[in-house]
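Residue strings, one per chain:
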Amino acid sequence: MKKNLIALAVAAALTSPLAVQAADSASVSGFAEVTYTNYGDTGAGSNAFGANGEVDFQASKGSVSVRVDVDLTLATDTVSTGNDSARIEQAFFAWKAMDAVTVIGGVFNNPLGQEANDVTDIQFVTHSAVWNIFNGQTVLNDNNIAGVAVAGGNEMFTGTLAVLNDLQHATDTDGTMKNSIAAVLNANPMEGLALELGYVTQETGAENVLDFNAQYDVSSLSVGVDVLMADKAVDTAYNVWAGFAVNDKAAIKARYEAVSFENSAVDDSTRMTVYGSYDIEDNLSVALQYSSGDNASAEAVSGIMDDTAVRLQFLGTF
């Protein structure tokens, strides 16, 4: 589940022309995440262990790859809750129509925004407020979208255009599904620098959303910024972060994020997060994260709660 493999969700795959293996092949990969969470103020979910995972199936034949990702969650033994322990995250095909053009269709990760969906591909234990806002706009589980996309370009520039079901699955009066249009432009103007500009339309929710993000990697240092602006509900949301690889096994990171809202009566939400990780083995890492947020009244939109939280994460991959 590295970003240079088709095995990663389309959100990362669209940042460069998708490479399809020449020979027929099939693979199974995935992860298991075990967490412990403790909040500053006791409440639901505090002082609790949890677990979730994912199994990804991929097969390539000629110029076409097909992928299905299945999310696994920790369900209780109470049937009445209706919680399924397994559900589809992605189900799509990727057809390399030409050397620099790939066609993708199905259900796949939202290509807008800096963060990928899976915990194996994000910088911290928890997602940023920007990702949480996108997740709130996509009615499909975990910031996923359904439709077709065409991506093309070269090592320096990549463009993506997608026709989708409306992010909120809004329909006309006769029940006909409305459509969202998404466009993403990626640029790598110099070594270590990645820029992205994305725009998606929708008729309800936050309506049209614009996102700009950038990441620069030099030696052991990585820095990034992600900025979201919407027509309604959210004025601006952003996060800035930095990470430093202490050695080939240990890393430390910090992130600051803020969200301002269209409703002037709602205060801005802010959060500060610090993080450290260590690779026990190639397939197992441990991370400890501390975060402090402000503004519980807007938690449903931003994912920022008015509390502190300590999270311990073990992440195993296969």
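Residues numbered from 1 in each chain as written. Predicted model: local features only at pLDDT ≥ 70, side-chain atom pairs only at ≥ 80, totals over all residues. Heavy atoms only, no water.

Talk me through the overall build of the protein; I want residue IDs and the actual numbers.
Check the secondary structure of the protein and you find three helices and 16 strands. Every one of the 318 residues in the protein was classed for burial, and the buried ones make up 44%. In the protein, the proportion of contacts linking residues at least 24 apart, taken out of those at least 6 apart, comes to 49%. About 15,300 Å² of surface is accessible on the protein, with carbon and sulfur atoms providing 59% of the total. (Helix = DSSP H or I, 4+ residues; strand = E, 2+ residues; numbered from the N terminus. Buried < 20%, exposed > 50% of the residue type's maximum accessible area, 1.4 Å probe, protein only. Contact = heavy atoms within 4.5 Å. Areas by Shrake-Rupley, 256 points an atom, 1.4 Å probe, with all protein chains shown as cover.)

So what about a negative patch on the surface? Which residues, and what values?
Together, Asp235, Glu262, Asp267, Asp268 and Asp294 line one region of the surface with negative charge. Note on placement: Glu262 falls in the loop between strand S13 (250-261) and strand S14 (269-281). (Patch = residues over 30% accessible without salt bridge, like charges linked within 9 Å, V, L, I, M, F, W, Y side chains within 5 Å. Salt bridge = Lys/Arg side-chain N within 4 Å of Asp/Glu carboxyl O. Lys, Arg positive; Asp, Glu negative; His and termini not counted. Charge placed at Lys NZ, Arg CZ, Asp CG, Glu CD.)

How would you summarise the packing of aromatic side chains if you had to cite specific residues and measurements?
Within this structure, the stated rule accounts for three aromatic pairs. Here the aromatic rings of Tyr36 and Phe49 are separated by 4.9 Å at their centres, their planes lie at 45 degrees, and the arrangement is tilted. One end of the pair, Tyr36, is in strand S1 (residues 25-39); the other, Phe49, is in strand S2 (residues 48-61), and 13 residues separate them in sequence. Taking the relative accessible area as the measure of exposure, Phe49 reaches 66% and is therefore exposed. Their ring planes at 65 degrees and their centres at 5.6 Å tell us that Phe124 and Tyr275 sit as a pair that is edge-to-face. Of this pair, Phe124 sits in the loop between strand S5 (101-109) and helix H2 (129-137) while Tyr275 sits in strand S14, and the two are 151 residues apart along the sequence. Of the two residues examined, Phe124 and Tyr275, each falls in the buried class. (Phe/Tyr/Trp six-rings, centres within 6.5 Å; stacked < 30°, edge-to-face > 60°.)

Can you break down the pattern of salt bridges residue by residue, with the values?
The tally for this structure, following the rule as stated, stands at eight salt bridges. With a closest N to O distance of 2.8 Å, Asp69 and Arg67 form a salt bridge. What emerges from the salt-bridge pattern is a single network uniting Glu115, Arg255, Glu257 and Arg271.

Account for the pairing of strand S15 (residues 284-294), with residues named and values stated.
Bridge count for S14 against S15 is 11 bridges, and the pairing is antiparallel. Opposite Thr270, over in S15, you have Asp294 as the bridge partner. The turn linking S14 back onto S15 is made up of two residues. The sheet contact formed by S15 and strand S16 (residues 308-317) spans nine bridges and is antiparallel. Paired with Ser285 across the strands is Leu315, a residue of S16. (Pairing = 2+ DSSP bridges.)

Give a detailed account of the nonpolar core, specifying residues and quantitative values.
Counting 26 residues, the largest nonpolar core has Phe108, Leu164, Val209, Leu228, Val234, Ala237 and Val259 as the members making the most contacts within it. Looking at this core element by element, the count peaks at four residues for H2. The next biggest cluster of nonpolar side chains, apart from the first, holds five residues, and it includes Phe124, Val125, Trp241 and Ala287. (Core = buried A, V, L, I, M, F, W, Y, C linked by side-chain atoms within 4.5 Å.)

Break down the side chain of Lys253 for me, with residues and values.
With respect to the element layout, Lys253 can be found in strand S13. Despite its burial, Lys253 pairs with no opposite charge, the nearest such side chain being Asp279 at 9.1 Å. With sequence-adjacent residues up to four places away left out, Lys253 is seen in contact with Gln123, Phe124, Ala242, Gly243, Thr273, Val274 and Tyr275.

Quick rundown of a nonpolar patch on the surface? Include the residues and the values.
There is a patch of nonpolar side chains on the surface, built from Tyr238, Val240, Tyr256, Met272, Val274, Leu288, Tyr290 and Val310 and spanning about 650 Å² of accessible area. Only strand S12 (234-245), S14 and S15 provide two or more residues apiece to the nonpolar patch. You can see Tyr256 is positioned in strand S13. The class of Tyr256 is partly exposed, set by a relative accessible area of 34%.

Go over unusual backbone geometry, please, and point to the residues and values.
Although it is not a glycine, Glu207 sits at a positive phi angle of roughly 60 degrees. Among the structural elements, Glu207 can be located in the loop between strand S9 (193-200) and strand S10 (209-218). Here Ser219, not a glycine, exhibits a phi torsion of approximately 55 degrees, which is positive. For Ser219, the position within the fold is in the loop between S10 and strand S11 (221-230). The class of Ser219 is exposed, set by a relative accessible area of 80%.

Before we move on, can you summarise the side chain of Asn117 with the specific residues and values?
Structurally, Asn117 can be placed in the loop between S5 and H2. For Asn117, a relative accessible area of 9% corresponds to the buried category. Beyond its immediate stretch of four places on either side in the chain, Asn117 contacts Glu89, Asn109, His127, Trp131, Asp142, Asn143 and Asn144.

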